[in-house]
Amino acid sequence: PMKKFLLFNLMLFLCLSLSAQQKWFKGNTHMHTNFSDGDSPIEETVAWYHDHSYNFISITDHNRTTMPFDHLSEDDYRKDFLMIIGNEITSSVHFTALGVEEDFSVKTILKDHKDGKLKGYKLIQPDTTKIGHRQILINGMLDKGALVFINHPNFSTGISAQEMLKLKGATAIELSNAHPSVYNYGNDKHIPVEE
């Protein structure tokens, strides 16, 4: 009993110590420039986030990987301002692929698809299904080394929680999106995104 008590107190102390050291970082992992359907050039987009105390961003134009420092000078930005390479893979559901330098799109992923496999990944359902098609895209992003997010699940027809649970390899979902056709708080077709 004494050992359990000491172990519990040690764990409690460690948890409290760790929570006291935690820090929140402000960022955006889904944004567009005028390279796709955004309204501002990359220089203005990045400058806005930099000047509004963001810690990290990822430019995720549709089916295009943007390398920020191909367009910007690294010397103009804070050393604690992180720009993560990103791409929004756009199909019936939109996904963010973070951390991949290679430029790729839905078309380049699908051209590698054959017989329900993509470079060794097996699909959970036949690729004629919506879930199968989405899994092919996720597998293609994973194959390139990306962290995969599901973007705005309540956009238009979107993707349900039940459908998301069938997909393997996506590690996060976008909880809030400012597009007027995204129903973050739910509607007659969608539960709220947080749920």
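Across its full length, the protein holds five helices and ten strands. Here the protein holds 195 residues, and 37% of them are scored as buried.

Turning next to the packing of aromatic side chains. Overall, the coordinates contain four aromatic pairs when judged by the stated rule. Geometrically, the ring pair formed by Tyr77 and Phe81 is stacked, given 6.0 Å between the ring centres and 25° between the ring planes. The exposure classification of Tyr77 matches that of Phe81, with both residues buried. Through successive ring pairs, a cluster of aromatic residues spans Trp48, Tyr49 and Tyr54. Lying across the ring of Phe104, Lys144 places its NZ or CZ 5.3 Å from the centre.

Spatially, four strands are ordered β4-β5-β9-β10 in an open sheet, and the strand pairing comes out mixed. Each edge of the sheet is formed by a strand with only one pairing partner; in this case those strands are β4 (86-90) and β10 (170-173). The mean inter-strand angle of the sheet, taken between neighbouring strand axes irrespective of direction, is 30°. With five bridges connecting them, β4 and strand β5 (residues 94-98) associate as antiparallel partners. In the sheet register, Ile89 faces β5, and the bridge partner there is Phe95. This element, helix α4 (residues 130-143), spans β4, β5, β9 (147-150) and β10 of the sheet and lies at about 10° to β5.

Moving on, we come to the sheet that holds strand β3 (residues 82-83). Strand order in the open sheet formed by three strands is β1-β2-β3, and the pairing between neighbours is parallel. Each edge of the sheet is formed by a strand with only one pairing partner; in this case those strands are β1 (27-28) and β3. Bridge count between β1 and strand β2 (residues 56-57): two bridges; the pairing is parallel. Looking across to β2, one finds that Asn28 is bridged to Ile57.

Okay, the nonpolar core next. If you look at the biggest cluster of nonpolar residues, it comprises 19 residues, and the most contacted ones within it are Ile89, Phe95, Phe104, Ile109, Leu137, Met141 and Ile150. When residues of this core are traced back to their parent elements, those giving at least two are β5, α3 (106-111), α4 and β9. The biggest single contributor to this core is α4, with five residues. Ignoring sequence-local partners within four residues, the contact set of Phe95 consists of Asn87, Glu88, Ile89, Arg134, Leu137, Ile138, Met141, Val148, Phe149, Ile150 and Asn151. In this structure, Tyr49, Tyr77, Phe81 and Met83 belong to the second largest nonpolar core, which totals eleven residues.

All right, on to the environment of Ile159 then. Looking at where Ile159 falls in the secondary structure, it is placed in the loop between β9 and α5 (161-166). The class of Ile159 is buried, set by a relative accessible area of 3%. A sequence separation of 67 residues divides Ile159 from Ser92, and the C-alpha atoms of the two residues are 8.7 Å apart. For Ile159, the contacting residues outside a window of four places in its chain are Val93, Arg134, Ile150, Pro153, Met164 and Leu167.

Attention now goes to the pattern of salt bridges. Applying the stated criterion across every chain yields a total of three salt bridges. The partner of Asp80 in a salt bridge is Arg78, and the shortest N-O contact between them spans 2.7 Å. The exposure class of Arg78 is partly exposed, given its relative accessible area of 28%. Across the pair Glu163 and Arg134 runs a salt bridge whose closest N-O atoms are separated by 3.7 Å.

Rules and cut-offs
Residues numbered from 1 in each chain as written. Predicted model: local features only at pLDDT ≥ 70, side-chain atom pairs only at ≥ 80, totals over all residues. Heavy atoms only, no water. Helix = DSSP H or I, 4+ residues; strand = E, 2+ residues; numbered from the N terminus. Buried < 20%, exposed > 50% of the residue type's maximum accessible area, 1.4 Å probe, protein only. Phe/Tyr/Trp six-rings, centres within 6.5 Å; stacked < 30°, edge-to-face > 60°. Lys NZ or Arg CZ within 6 Å of the ring centre and 35° of its normal. Pairing = 2+ DSSP bridges. Axes fitted to C-alpha atoms, helices over the stretch in contact; angles between N-to-C directions. Contact = heavy atoms within 4.5 Å. Core = buried A, V, L, I, M, F, W, Y, C linked by side-chain atoms within 4.5 Å. Salt bridge = Lys/Arg side-chain N within 4 Å of Asp/Glu carboxyl O.

Worth remembering: the numbers are spatial, not functional.
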